[in-house]
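Below, each chain spelled out in residue letters.
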Amino acid sequence: MSEQTTSAPTVEDYLDPLALPELQADASKELHTFEASPAHQEKLGFPGELVDDWHDVAINKMGDLLTKYRGFRVFLDSCVKCGACTDKCHYFMGTGDPKNMPVARQDLLRSVYRRYFTTAGKYVPKLVGARDLTEDVLGEWYNYFHQCSQCRRCSVYCPYGIDTAEISMAAREILDTVGKGQKYCNEIIGKVYDVGNNLGFPTPALKATLESFEEDLEEETGLEIKLPIDVKGADILLVTPSADFVAEPHIDGLLGYAKVFHATGASWTLSSVASEAGNFGMFIGSYENMRKISLRIRQAALELGVKRIVFGECGHAWRVAYSFLNTLAGPFDFLDPRYTSPMHICEYTWDLIEKGELKFDKSRNDKYRLTFHDSCNVARATRMGDKPGGQFEIPRNILKATCNHFYDMAEDTIKEGTVCCGGGGGLLTDDLMDLRVKGASPRMTALQNVQKEHGVTHMAAICAICKSQFAKVMPKYGFEMDNILSVHQLVSNAILLEGAKDPEDDDDDDDWIPPTPPPRPPRGSAA
């Protein structure tokens, strides 16, 4: 393998976003995300610490999952080690650790399954790669199954359709069941139960924040644009990630939703009961916790008497809404018969654009040269609109309707084959920052390439986790924290509202010059 260049790449010297790394055995072995405290565990119905009979509990739980989820057994039985998935994981590409190959990570659990649940594994374990479940193996599960963002890119290329995300979810559920859960995910789920959202943002603070946003909107537009909350009888319940209330660029996306609703006179409301679209129960593989979180949305919809439910920009929230919500919290037969399934805010906005009900001045976004990051859960687990591929085309159509300068990244890094942001699946925690930076390297390399080719300055996304992740890791690759944008932030900038005052000229960024990206850290090295 040729050595990586040590000088800044030129236009003629593109880096391969999907380059194979140099193998480094056990490079990520010591990456250990913080474990949940007893309080975090018990709030979710799990034991507070590793139980004395953890071995039997783990094997019994695996057996329970094999009985409950037929696909789990199929995925464990059907792998033929063809190698199609080996180079498809961004964490493998970033770390070079062979155990981050999807097939190798699966085998950490598959080998134990074979030992206890197959005839060959019980009698000739070495012959079939079966091994006993030991405390060292349990620790290996904990470390490596928290180096999977459940993005499912490997599944796209698997000829048998093995879903590595399902195996990771099962492993995490077994770990929780024996008392070895992850602090980040479990603490967040507890906050949802206590307060209603991932950030632990109390209702009085939420209401005060929304009022301040209304003041900002009035100052900007001269119009009374409302962000209503807990309004009974509203037509639309907007369920959005709590990041939309507290940080950029999420806030600007929320203001974009409000402007869209205002432009058409829509009757809508947020809810203090369901002030969170995200559902981290999916990341830990717990059906019970997924359901409990989802039932808040049903409760809010019933209490407020809404007719339809619209989800904001959040990747895994849309996956849960699209794929699981009716099973978890349905049926939603009390909604308007035309809208018994949840709608994505991008579907809502694009429908209005197609009908000619929204008008834009695209020149207001001329300081941006944009590309778009397809978020994994949206790209590979959902759809939008009434046509296949709508989840790819609708966000891009919105960007093209609101911006003059849009350019896609390399085809093998977008849409169904999109590479992960590197922070999804419950890994958006600072104790895994090294992993997050390395896992982002394929996407950042693709972004550097489109920057060189088309002068792209900013990237838009429709996932709260992606936006938070990129804001942290982009500076490692020669970009600024604010080079990541919300799709509805661009809508907000360009939308023409009747009676609004002209936006003030903002020349601060007009002469912004994209930085020359530094060389990407060699795959498998410290970033």
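Definitions and limits used
- Residues numbered from 1 in each chain as written.
- Predicted model: local features only at pLDDT ≥ 70, side-chain atom pairs only at ≥ 80, totals over all residues.
- Heavy atoms only, no water.
- Domains from an automatic or database assignment.
- Contact = heavy atoms within 4.5 Å.
- Salt bridge = Lys/Arg side-chain N within 4 Å of Asp/Glu carboxyl O.
- Polar contact = N/O pair within 3.5 Å; in protein donor to acceptor, adjacent residues only side chain to side chain.
- Helix = DSSP H or I, 4+ residues; strand = E, 2+ residues; numbered from the N terminus.
- Nonpolar A, V, L, I, M, F, W, Y, C, P; charged D, E, K, R; others polar.
- Buried < 20%, exposed > 50% of the residue type's maximum accessible area, 1.4 Å probe, protein only.
- Axes fitted to C-alpha atoms, helices over the stretch in contact; angles between N-to-C directions.
- Left-handed = near helix turned anticlockwise from the far one by under 90°.
- Pairing = 2+ DSSP bridges.
- Right-handed = clockwise from strand over helix to strand, strands pointing away.

Draft legend 1. Expanded view of the domain arrangement of the protein. Along its sequence, the protein is organised into domain 1 (31-188) and domain 2 (195-511). One C-alpha centre belongs to domain 1, the other to domain 2, and the line joining them spans 31 Å. Contact with domain 1, which involves 33 residues of that partner, is made by 37 residues of domain 2. The interface formed by domain 1 and domain 2 contains one salt bridge. A salt bridge links Lys-68 to Glu-288, with the shortest nitrogen-to-oxygen separation between them at 3.9 Å. Across the contact surface, domain 1 and domain 2 share 13 residue pairs in polar contact (both at pLDDT 80 or more). Among the secondary structure elements, those contributing two or more residues to the side of domain 1 that touches domain 2 are helix H4 (90-95), helix H8 (153-157), helix H9 (164-177) and helix H10 (183-194). Of the residues in the side of domain 1 that touches domain 2, the class split is 15 nonpolar, eleven polar and seven charged.

Draft legend 2. Main features of the side chain of Ser-272. Note that Ser-272 resides in the loop between strand E2 (268-269) and helix H13 (287-304). Under the relative-accessibility criterion, Ser-272 is labelled buried at 14%. A distance of 2.7 Å separates the side chain of Ser-272 from the side chain of Asp-230, its partner in a polar contact. Those residues within four positions of Ser-272 in sequence are excluded, and the remaining contacts are Val-195, Thr-203, Ile-229 and Asp-230.

Draft legend 3. Spatial organisation of the packing of H10 against H13. At a closest axis distance of 10 Å, the pairing of H10 and H13 adopts a crossing angle of 35 degrees. Seen from above, H10 lies across H13 with left-handed handedness. In this structure, H10 contributes Ile-189, Val-192 and Tyr-193 to the contact, and H13 contributes Asn-289, Lys-292, Ile-293 and Arg-296. Taken together, the residues that form the contact of H10 with H13 break down as four nonpolar, one polar and two charged.

Draft legend 4. Molecular detail of the pairing of strand E1 (residues 236-239). Of the two faces of E1, the one carrying Ile-236 and Leu-238 and the one carrying Leu-237 and Val-239 are both buried. Bridge count between E1 and E2: two bridges; the pairing is parallel. By the bridge assignment for E2, Ile-236 is matched with Trp-268. A crossover connection joins E1 to the parallel E2 through helix H12 (residues 250-263); in handedness this β-α-β unit is right-handed. Where E1 and strand E3 (residues 308-311) come together, four bridges link them in parallel fashion. In the sheet register, Leu-237 faces E3, and the bridge partner there is Ile-309.

Draft legend 5. Inspection of the sheet that holds E3 at higher detail. One open sheet accounts for four strands, arranged E2-E1-E3-E4; its pairing is parallel. Two strands close off the open sheet at either side, each with one partner strand: E2 and strand E4 (343-344). Against the sheet, H13 engages E1, E2 and E3, with an angle of about 150 degrees to E1. This element, helix H14 (residues 315-329), spans E3 and E4 of the sheet and lies at about 145 degrees to E3.

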